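Okay, here's what each chain looks like letter by letter:
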Amino acid sequence: MYKGGEDKQYLTGMRNAFVRHRKAFESSRPPAARERMEKLEVLKDVILESSEIIADAINRDFGYRSIHETVLMEVLPTVSTIKYCRRNLRKWMRPERRSAGLMLMPASVRVAFHPLGVVGIIVPWNLPLALSVGPLAYAVAAGNRAMLKMSPRTPAFNGVLASIVSEVFYEEEVTLFEGGLNVSKAFASMPFDHLFFTGLTKTGREIMTAASRNLTPVTLELGGKSPVIIDESMPMKTAVERVLWGKSMNAGQICMAPDYVLLPGNRVESFVEEYGRRYEKLYPGGQDVTCIVDEEHMARIETFLEDAREKGAIIVRAGDDPVDNRAISTRLILNVTDDMALMKEEVFGPLLPIVPYERLEDAIAYVRSRPRPLAIYVMSQDKAFIKHVLDGTVSGGVAVNDSVVQFIADDAPFGGVGPSGMGRYHGREGFLAFSNARTVFRRSGRFNPIKMLHPPYGGLFQRIIEYLFMR
């Protein structure tokens, strides 16, 4: 892995690495299915062998994150993604037969899937394994070479991933770099064949601007304020169990974590009480609560709390705070107003605003009046209620009676819409995102029916055109 500052020499080295990747791609044929599958198999094996080292490194980067949480959130989903890609790769690579249409008959049309070339992947700090190797697996499955830009907030993990990558790939196949926002912008400004970014919406705009100078296509996996909508009849114990688990994983530092809860006003008290009971069972005495990643992010969370308190919010602590000063139990925020900072920005931490509603239409209007979220979580056993929410809102994805787990569904596309993202990966869509879907039109060399439409345009031409219009 290339480490260093943001000086001219470092950025020049990054650009030179891109040139080497591009030359290597141009001088070789696309790797066969067998070669790609072998790379993925080795990658999977090395990750499994290194799972404890990975978890330990991430624990050190965060200050504390349970090894079990890392295995559950990152190692298992990443291994599952690699296995899924291997299992489906030959089917994905198979050319698709399409219709040429009457006007072009007789002819054949097929769509063949070729590698794009060299892709760039900008990796965030919050789920560094899942959000680096996950996209990388699809890029490799599609036959590409890749460069990864790692976050400077996870130096220990970055070193482990660099070691893993060096065991599996040649340097001209996959290379890692590390750096902050300026390095990310320089990275995005290189003429990649595709750029994959996971991070904040604000940063995503800057990355897209940098990529646009080369007309580089982008996949933006962003975030936003993903709401939970609970209905009147949903058992509170079940609703809290599903919301709390998704909110507590990684201390809420997940792009699709529940951001705020909408529920009937007469159920707010029972929600708060049940949340506290459930939280104490899962995290007794603050045990196994993941730390906020660093002091800068902790200051952001504290600013949210102070601003909400000054504007009249009631803040309820869900459980005991851990000893570590960068780990706090979830704070339930009551009496929230739209002018509070935590209702304007993605929380991305262990704060959960509670917003009461009188009618479902009010809750839907509340969601629709805000930027389109990455996810909407519906807690209901009423089919009409669920349908009303689905039909009345727009989001990247939806989970009914659960939270966050939709990210783990290998066979379904994942991504945002509008401010919460652009493009999809996971499933076949992940393979397509990193592929050139190339149309191949083929006609016999002997007979050319289009010749009947060549000039000079006479009566035969007119009769054929009239027939095609009328059919």
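Our subject in this report is the structure included herewith. (Residues numbered from 1 in each chain as written. Predicted model: local features only at pLDDT ≥ 70, side-chain atom pairs only at ≥ 80, totals over all residues. Heavy atoms only, no water.)

## Digging into the sheet that holds strand β6 (residues 194-198)
Strand order in the open sheet formed by six strands is β5-β4-β3-β6-β7-β15, and the pairing between neighbours is mixed. Of all strands in the sheet, those bounded by a partner on one side alone are β5 (174-178) and β15 (421-422). Each of β4 (145-150) and β5 is contacted by helix α6 (residues 155-168), which is oriented at about 165° to β5, the strand it contacts most. Against the sheet, helix α8 (residues 201-212) touches β3 (118-122), β6, β7 (218-221) and β15, its axis set at about 170° to β6. (Pairing = 2+ DSSP bridges. Helix = DSSP H or I, 4+ residues; strand = E, 2+ residues; numbered from the N terminus. Contact = heavy atoms within 4.5 Å. Axes fitted to C-alpha atoms, helices over the stretch in contact; angles between N-to-C directions.)

## Focus on the packing of helix α12 (residues 360-368) against helix α13 (residues 383-392)
Relative orientation of the contacting elements α12 and α13 amounts to 30°, with a least axis distance of 10 Å. As summarised for this structure, α12 and α13 are arranged roughly parallel, according to the angle between their axes. As α12 packs across α13, the resulting crossing turns out to be right-handed. Residues L360, E361, I364 and R368 of α12 form the contact with α13, whose own contacting residues are F385, H388, V389 and G392. (Parallel < 35°, antiparallel > 145°, perpendicular 65-115°, else oblique. Left-handed = near helix turned anticlockwise from the far one by under 90°.)

## Regarding α12
An α-helix turns once every 3.6 residues. As a result, residues three or four positions apart point the same way. When we look at burial in α12, the residues that qualify are L360, A363, I364, Y366 and V367. Each buried residue of α12 lies within a common arc of 155° when the element is viewed along its axis, so the set occupies one face. Where α12 is buried, its residues meet β8 (227-230), β9 (260-264), β12 (351-357), β13 (375-379) and α13. (Buried < 20%, exposed > 50% of the residue type's maximum accessible area, 1.4 Å probe, protein only. Arc of directions from axis to C-beta.)

## Focus on helix α5 (residues 130-141)
Under the 1.5 Å per step criterion, the end-to-end length of α5 is 16 Å for twelve residues, consistent within 8% with the ideal 16 Å. Taken across its twelve residues, α5 has twelve buried, putting it largely inside the fold. Those residues of α5 that sit buried are A130, L131, S132, V133, G134, P135, L136, A137, Y138, A139, V140 and A141. A positive phi of about 90° marks G143, the residue just after α5. (Expected span 1.5 Å × (residues − 1).)

## Considerations on the pattern of salt bridges
Within this structure, the stated rule accounts for 22 salt bridges. Where E38 meets R34, a salt bridge forms, and the shortest distance between an N and an O atom there is 3.3 Å. Highlighted residues: E38 and R34, both in helix α2 (residues 33-49), separated by four residues, approximately one helical turn. For K39, the salt bridge is made with E173, and the minimal N-O distance between the two is 3.1 Å. Separated by 134 residues along the polypeptide, K39 in helix α2 and E173 in the loop between α6 and β5 bring together distant segments of the chain. Overlapping salt bridges, with partners in common, bring together E41, K44, D45 and R86 in one network. (Salt bridge = Lys/Arg side-chain N within 4 Å of Asp/Glu carboxyl O.)

## Some thoughts on the side chain of E69
If you trace the backbone, E69 turns up in helix α4 (residues 67-93). Among buried charged residues, E69 stands out as having no salt bridge; its nearest opposite-charge side chain is R65, 4.8 Å away. Within the local environment of E69, its side chain forms a polar contact with the side chain of T290, the two groups lying 2.7 Å apart. With residues near it in sequence (within four places) discarded, E69 still touches E74, S248, M249, N250 and T290. (Lys, Arg positive; Asp, Glu negative; His and termini not counted. Polar contact = N/O pair within 3.5 Å; in protein donor to acceptor, adjacent residues only side chain to side chain.)

## Let's talk about the pairing of strand β14 (residues 397-400)
The pairing of β13 with β14 spans four bridges and is classified as parallel. Paired with Y377 across the bridge in β14 is A399. Running through α13, the crossover from β13 to the neighbouring parallel element β14 is right-handed. (Right-handed = clockwise from strand over helix to strand, strands pointing away.)

## Here we look at the sheet that holds strand β10 (residues 314-317)
Read from one edge to the other, the open sheet built from seven strands follows the order β10-β11-β12-β9-β8-β13-β14, with strand pairing classed as mixed. With one partner strand each, in any of the chains shown, β10 and β14 form the two edges of the open sheet. The sheet shows a mean angle of 25° between the axes of neighbouring strands, direction not considered. Strand direction decides the pairing type here: β8 and β9, joined by three bridges, are parallel. Of the residues in β9, the one forming a bridge with V228 is V261.

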